[in-house]
Amino acid sequence: MIYRSKAPLRIGLAGGGTDVSPYCDLFGGAILNATVSLYAYANIEPLNEEIIILEAADRKETVQYQCNKTLPVNGKLDLLKGVYNRIQEDYGVPTIGFKLQTFADAPAGSGLGTSSTLVVAIIGAFAEMLKLPLGEYDIAHYAYQIERKDLNLAGGRQDQYAATFGGVNYMEFYEEDKVIVNPLRIKAEYLSELENNLVLFYTASSRESATIIKEQQKNVQQKKESSIEAMHQLKEQSRRMKEALLKGRLNEIGEILDFGFQQKRKMAANISNPFIEEIYDAAKKAGASGAKISGAGGGGFMIFYCPENTRYRVIETLLRFGGEVKQYTFTKNGLSTWVV
């Protein structure tokens, strides 16, 4: 038998960064995101020998160990090891060997929440194999704990919940790891128009999001007013985005994205750079009314809102920068698991 799972990646539409501690612990955070038809996958295949094989197929990395209750976290496939170690500690994994294989439709560091989504998918595969009684909030919080507490990886909280729940969600973040996921009932025609007008562009550059996030955290800890005020404004941006989508005021989306881009620059250095600014300016001249850097910033994916019939002119302009326009559709479902 093979235990499979997949979880969708997400694009953040508003409020990015307000899900990161200590800001959300002190002030409360709010983010609006949507999952798309790009996925992280996990497969677990039991073996007849007492070995553990971990393979990241997209990165062409493989490690092998004798069956053990704890695998060494040493920089090689640590996300896979972190999930195994935590589940082994909390639930116990049968001593039979297995092969855990993963794959993601977007590279790490691209700003679509790949790492967290991968953790969710791996948890899902183990939960399917071990019949673990984990609900959606349980899995998302479990993934957050493994990344942020066990592996000490810097980051926020939205990605784990987006991957688990799926769909378009307005998420609220509070102290003591409290998260509330509010699914939005957006009319089909509004979503279709949003999907048509949002262009997802990979800049062909990844970045180390942890560095940017740590600076953002430091700015809050040191009570840097300009950074904290920018995060307040991004939280307001998520409220504005929610209202615009629910009421079908799609002509406001570009302006709301542009507002968020201006605020996000103030959160930490290196969120933007001359290359990103050049892309942004060129896209706006081609007809885009607003854009957003996905994830922590510094590179990876960007999204552009292209109203009316400017989509193809903007795409033509973006391709001159050597990146890739990624085709996608919005998805309704989050983590799914099955057995073959």
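Look up a bit, the structure's there.
What counts and how
Residues numbered from 1 in each chain as written. Predicted model: local features only at pLDDT ≥ 70, side-chain atom pairs only at ≥ 80, totals over all residues. Heavy atoms only, no water. Buried < 20%, exposed > 50% of the residue type's maximum accessible area, 1.4 Å probe, protein only. Helix = DSSP H or I, 4+ residues; strand = E, 2+ residues; numbered from the N terminus. Pairing = 2+ DSSP bridges. Salt bridge = Lys/Arg side-chain N within 4 Å of Asp/Glu carboxyl O. 1 Å grid on protein atoms, 1.4 Å probe; cavity = no way out; pocket = protein on both sides within 12 Å on 5 of 7 lines; lining within 4 Å. Points joined across faces, edges and corners; volume = space filled by probe spheres on them. Nonpolar A, V, L, I, M, F, W, Y, C, P; charged D, E, K, R; others polar. Polar contact = N/O pair within 3.5 Å; in protein donor to acceptor, adjacent residues only side chain to side chain. Contact = heavy atoms within 4.5 Å. Phe/Tyr/Trp six-rings, centres within 6.5 Å; stacked < 30°, edge-to-face > 60°. Lys NZ or Arg CZ within 6 Å of the ring centre and 35° of its normal.

Caption draft 1: Local environment of the pairing of strand 1 (residues 3-14). Burial of strand 1 is extensive: 10 of the 12 residues sit out of reach of the surface. Pairing analysis gives 10 bridges linking strand 1 to strand 2 (residues 29-46), with the strands arranged antiparallel. Directly across from lysine 6, in strand 2, lies its bridge partner tyrosine 41. Two elements, strand 1 and strand 12 (residues 336-339), share four bridges in a ladder whose sense is antiparallel. Residue pairing across strands places arginine 4 opposite tryptophan 338, the latter belonging to strand 12.

Caption draft 2: The pattern of salt bridges, seen in detail. Under the counting rule described, the total for this entry stands at 17 salt bridges. A salt bridge links arginine 157 to aspartate 177, with the shortest nitrogen-to-oxygen separation between them at 3.7 Å. Of this pair, arginine 157 sits in the loop between helix 4 (136-150) and helix 5 (158-165) while aspartate 177 sits in the loop between strand 6 (168-173) and strand 7 (179-183), placing them 20 residues apart in sequence. Note on accessibility: arginine 157 and aspartate 177 belong to one class, buried. Ionic contacts of the salt-bridge type, sharing partners, join the residues Glu236, Arg239, Glu243, Lys247, Arg249 and Glu252 into one network.

Caption draft 3: Molecular detail of the layout of surface pockets. Estimates place the volume of the second largest pocket at around 210 Å³. The wall of the second largest pocket is formed by Gly166, Gly167, Val168, Asn169, Pro183, Leu184, Ile186, Leu191, Phe330, Thr331 and Lys332. Of the residues that constitute the lining of the second largest pocket, the class distribution is six nonpolar, four polar and one charged.

Caption draft 4: Focus on empty space enclosed by the protein. Summed over the entire model, instances satisfying the criterion amount to one cavity of 30 Å³ or more. Of the volumes computed, that of the largest cavity is approximately 80 Å³. Around the largest cavity sit 13 residues that line it, and Gly260, Phe261, Lys264, Lys292 and Ile293 are the ones nearest its centre. When contributions to the lining of the largest cavity are tallied by element, the ones reaching two or more residues are helix 8 (225-247), helix 9 (253-264) and strand 9 (290-293). Top contributing element to the lining of the largest cavity by residue count: helix 9, with four residues. Of the residues contributing to the lining of the largest cavity, the split by class is six nonpolar, four polar and three charged.

Caption draft 5: Focus on the side chain of arginine 157. Exposure remark for arginine 157: the relative accessible area of 2% places this residue in the buried category. In terms of polar contacts, arginine 157 uses its side chain to reach the side chain of tyrosine 144, at 3.5 Å. Not counting residues up to four positions away in its chain, the partners in contact with arginine 157 are Asp19, Ser21, Cys24, Asp25, Tyr144, Phe173, Tyr174, Asp177, Lys178 and Val179.

Caption draft 6: Geometry of the packing of aromatic side chains. In this structure the tally under the stated criterion is 14 aromatic pairs. A ring pair is formed by tyrosine 137 and phenylalanine 165, whose centres lie 4.9 Å apart and whose planes are at 75°; its orientation type is edge-to-face. Here tyrosine 137, found in helix 4, pairs with phenylalanine 165, found in helix 5; they are 28 residues apart in sequence, far enough to count as distant. Here the basic side chain of lysine 178 rests over the ring of tyrosine 174, its NZ or CZ set 5.6 Å away from the ring centre. The side chain of arginine 240 reaches across the aromatic face of phenylalanine 259, ending 5.2 Å from its centre.

That's the geometry; what it means functionally is another story.
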